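A closer look at the structure
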Amino acid sequence: MSWTTRYMLALLPATVTLSGWQLAIWAYDYFGCHGNLKSLAPCYAGSINLLPWLGLGLFWCQLLCFITVPISAWFLIQVGAKHIGSHDRAKT
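This write-up is about the structure you can find in this document. Quantities reported herein were computed from a predicted structural model and do not represent experimental measurements.

As for the nonpolar core
Counting residues in each nonpolar core, the largest one holds 8 residues, listed as A24, A27, C33, L40, C43, L50, L54 and L58. Contributions of two or more residues to this core are made by α1 (3-30) and α2 (51-91). With residues near it in sequence (within four places) discarded, A24 still touches L54, G57 and L58.

Below, the structure is given as structure tokens:
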């Protein structure tokens, strides 16, 4: 597996939760949804009710960011250490 792929996989947990959060904010504004986090009014994109996805993105993704960002940072440190270690071993 290439080092670029390893770095991208290390960033995946944080990327997914941050993207989900930002996508929910965009959808809330774009589709003209109303209400606050505790009492969102049903919001539709065509025939699809966005309410469960908005709840997931606006609530859970924000909470999970506090977990996934440090996890991704730890993964990046681990991948970086292995990457640097492999360069040191290749030189000797």
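Considering the state of the cysteines
Throughout this description, disulfide means a covalent bond between two cysteine sulfur atoms. By the definition in use, this model includes 1 disulfide. The disulfide that involves C33 links it to C43, with 1.9 Å between the sulfurs. Here the S-S torsion is close to -65 degrees, and the disulfide linking C33 with C43 is therefore left-handed. Within this pair, whereas C33 is found in the loop between α1 and β1 (44-45), its partner C43 is found in the loop between α1 and β1, the two being separated by 10 residues in sequence. The exposure class of C33 is buried, given its relative accessible area of 7%.

About the cut-offs
- Residues numbered from 1 in each chain as written.
- Predicted model: local features only at pLDDT ≥ 70, side-chain atom pairs only at ≥ 80, totals over all residues.
- Heavy atoms only, no water.
- Core = buried A, V, L, I, M, F, W, Y, C linked by side-chain atoms within 4.5 Å.
- Buried < 20%, exposed > 50% of the residue type's maximum accessible area, 1.4 Å probe, protein only.
- Helix = DSSP H or I, 4+ residues; strand = E, 2+ residues; numbered from the N terminus.
- Contact = heavy atoms within 4.5 Å.
- Disulfide = S-S within 2.5 Å.

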